[in-house]
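# A structural walkthrough
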Amino acid sequence: MKSPLILTILILATSAYAWGSDAEVQPLAPNLARIILRMIDAHGEIQSGGHVTRMEWVWSKATPTDVMDSPALRVWLETQLPEDWQVEKISGTAVTVAQGFGAGPIGKTQTFAVDLRARNGSLRMIFRDHRNRMSENTLAIQLNVGRPYVIIRPECTAQHVHLLANKVEARHLFVGLSCVDTGDGVDVYFFRSNESKWDNQTPGLVRFDPEGKYIAFKQHFGKPHLEIKTPRGLFQVGTIDDQGRGTDYSVFFQSNTSLPRHLELYAGAALVRCHLNEKSHDVALTQYAFNVRVGAKYPLIPDTLFASLDFNGDVVALEHGPRDVPQAHFFGLDGLIGYRLPLGLEFVDLTIYGGWYYWAVHVATNRYGIGPLGGPEGFLTLGKIKDGSRGWQIWMKYATIGDHGQLLSTFDHELGIGALLELSEHSTRPFALTAEFKNAHAVSQPNQIELTAISLGIRKEF
């Protein structure tokens, strides 16, 4: 009975870890084996272009007139050229020389470095030999990548600007993020490699440069005045490669993306009106009770996967009727695992929970009632709870309550819907108003009950 539930939880945990691992990437350079060098002379003859000694990601200017640096893969090469050749002119396509040829005659083995800004690039080199004759060679560079590398300047982390990969199917060389502090705000620059294009078709993405003239765009944002512990979206942007495969990235503010895991506690109280029907004992009870609730929540994977435990129970029955029917006290215990879906939306979060529900009713005289019941349950919550603004949430619940181990039931179950609204916009541990409606049906031979309850209350986090 519990196997499907356990399997579901394991799948959610694995998916959450895989999704979260791509949230922000500072990559190593590609493997040297993935790069191919070819030297092509003026007659079209092809020979080996030498070999690569090392590679690393850098920020540099593509041209001397560039205002700011952009990402590039710096590649150190060793190649053989006739020792009596001298460099006359060098030009490149998606390739610039970072460390040029040495002065004077070129030796048999020449080492230099180039900055690559696309998967495929070329360097056109014109030489003059000792007889003053001109010779032209083109160095073609090809790099195989499985997905764009993500390059983020350290200044972005210092300004709490981060990048989230929502979809990565394209195979161009890189995307990059650079941030400039302007005092009261931040200029955020998003770069793409030269062989890619902007995605100007997908709804929700920034529509920029439909003619593909620019490899970067800038957005300015004011600095947040409060610490942002949950992501605050800035913009979404996408790119496509030459085969039409796309990417989708979200850029967001967050003061701390690796918050330490800590146990969240809450307590609440509510006034509950319930109506109970039990046909076997001919009981129809209407009761007002004071109910307390305590709970705890622990992030297994921050902002993604949660474990929670919640207990609620009636402390005292304030009024009930008819008078000849003794009071009842109801209790419930929920143990849940929750997974926040990676929607990438600023205004709402959607979280699904699965777990086990235990339910009981206590009547002092045993005049009526039903034994403790339990079963699997599922929650769906929709809302936005974040520090610095008034949070809200609505939820729906289904739980099987029985004594004979069924997984799902059309009769022995509890259905519920509820809502929460925080009372303060600036408190990190605010009070919140709560409201909930529940309807339950259950059979434990020979008893059969139907319970309807509505509650209004207040809750406080600690």
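Quantities reported herein were computed from a predicted structural model and do not represent experimental measurements.

## Focus: the confidence of the model for the protein
On average, residues of the protein score 83 in pLDDT, and 84% of them reach the 70 mark or higher. In this model residues 1-26 is a low-confidence stretch, pLDDT under 50, and it forms 37 contacts with partners more than four residues away in sequence or in other chains.

## Focus: the pattern of salt bridges
This model, assessed by the stated rule, comprises 18 salt bridges. We note a salt bridge from Asp349 to Lys384, for which the minimum N-O separation is 3.3 Å. One end of the pair, Asp349, is in strand β23 (residues 349-362); the other, Lys384, is in strand β24 (residues 373-384), with 35 residues separating them in the sequence. With a relative accessible area of 16%, Asp349 lands in the buried category. Looking at Lys384, the relative accessible area reads 8%, which means it is buried. Via salt bridges that share partners, Asp334, Glu377, Lys397 and Glu414 belong to a single interconnected network.

## Quick notes on the nonpolar core
Grouped burial of nonpolar side chains is what soluble globular proteins tend to show. One finds Ile35, Val75, Leu77, Val114, Leu139 and Ile141 to be the most contacted residues of the largest nonpolar core, which totals 27 residues. Where this core is concerned, the elements lending two or more residues are β1 (35-41), β3 (51-60), β4 (70-80), β7 (109-116), β8 (120-128), β9 (134-143), β10 (149-152) and β13 (185-192). Considering every element that reaches this core, the biggest residue donor is β3, with 4 residues. Among residues more than four places away in sequence, those in contact with Leu77 are Leu37, His51, Val52, Gln110, Thr111, Phe112, Val114 and Leu139.

## Considerations on the pairing of strand β26 (residues 413-422)
In the case of a regular strand, side chains alternate between the two sheet surfaces. Bridge analysis of strand β25 (residues 392-400) against β26 gives 9 bridges, and the strand direction is antiparallel. What sits directly across from Met396, in β26, is Ile417. The pairing of β26 with strand β27 (residues 431-444) spans 10 bridges and is antiparallel. Bridge pairing in β27 places Gly418 opposite Glu436.

## Brief notes about the sheet that holds strand β15 (residues 216-222)
Sheet architecture is open: 4 strands sit in the order β10-β12-β13-β15, paired in mixed fashion. Bordering the open sheet on either side are β10 and β15, each of which pairs with just one other strand. In this sheet, adjacent strand axes meet at a mean angle of 15° when their direction is disregarded. As paired elements, β13 and β15 share 7 bridges and run antiparallel to each other. Paired with Val188 across the bridge in β15 is Gln219.

## Digging into the state of the cysteines
Evaluated as defined, the whole model comprises 1 disulfide. Disulfide pairing is shown between Cys156 and Cys179; the S-S distance is 2.2 Å. Between Cys156 and Cys179, the S-S dihedral sits near 100°, and the bridge is therefore right-handed. Of the two residues, Cys156 sits in helix α2 (residues 154-158) while Cys179 sits in strand β12 (residues 174-181), which places them 23 residues apart along the sequence. Classification of Cys156 as buried rests on a relative accessible area of 0%. Given a relative accessible area of 6%, Cys179 falls into the buried group.

## Notes on the environment of Ser70
Tracing the sequence through the fold places Ser70 in strand β4. A residue is classified by how much of its surface remains accessible, and Ser70, at 5% relative accessible area, is buried. It is 5.1 Å that separates the C-alpha atoms of Ser70 and Trp59, two residues lying 11 residues apart in sequence. Only 3.1 Å separates the side chain of Ser70 from the side chain of Arg117, close enough to count as a polar contact.

Cut-off values and rules
Residues numbered from 1 in each chain as written. Predicted model: local features only at pLDDT ≥ 70, side-chain atom pairs only at ≥ 80, totals over all residues. Heavy atoms only, no water. pLDDT = per-residue confidence, 0-100. Contact = heavy atoms within 4.5 Å. Salt bridge = Lys/Arg side-chain N within 4 Å of Asp/Glu carboxyl O. Helix = DSSP H or I, 4+ residues; strand = E, 2+ residues; numbered from the N terminus. Buried < 20%, exposed > 50% of the residue type's maximum accessible area, 1.4 Å probe, protein only. Core = buried A, V, L, I, M, F, W, Y, C linked by side-chain atoms within 4.5 Å. Pairing = 2+ DSSP bridges. Axes fitted to C-alpha atoms, helices over the stretch in contact; angles between N-to-C directions. Disulfide = S-S within 2.5 Å. Polar contact = N/O pair within 3.5 Å; in protein donor to acceptor, adjacent residues only side chain to side chain.

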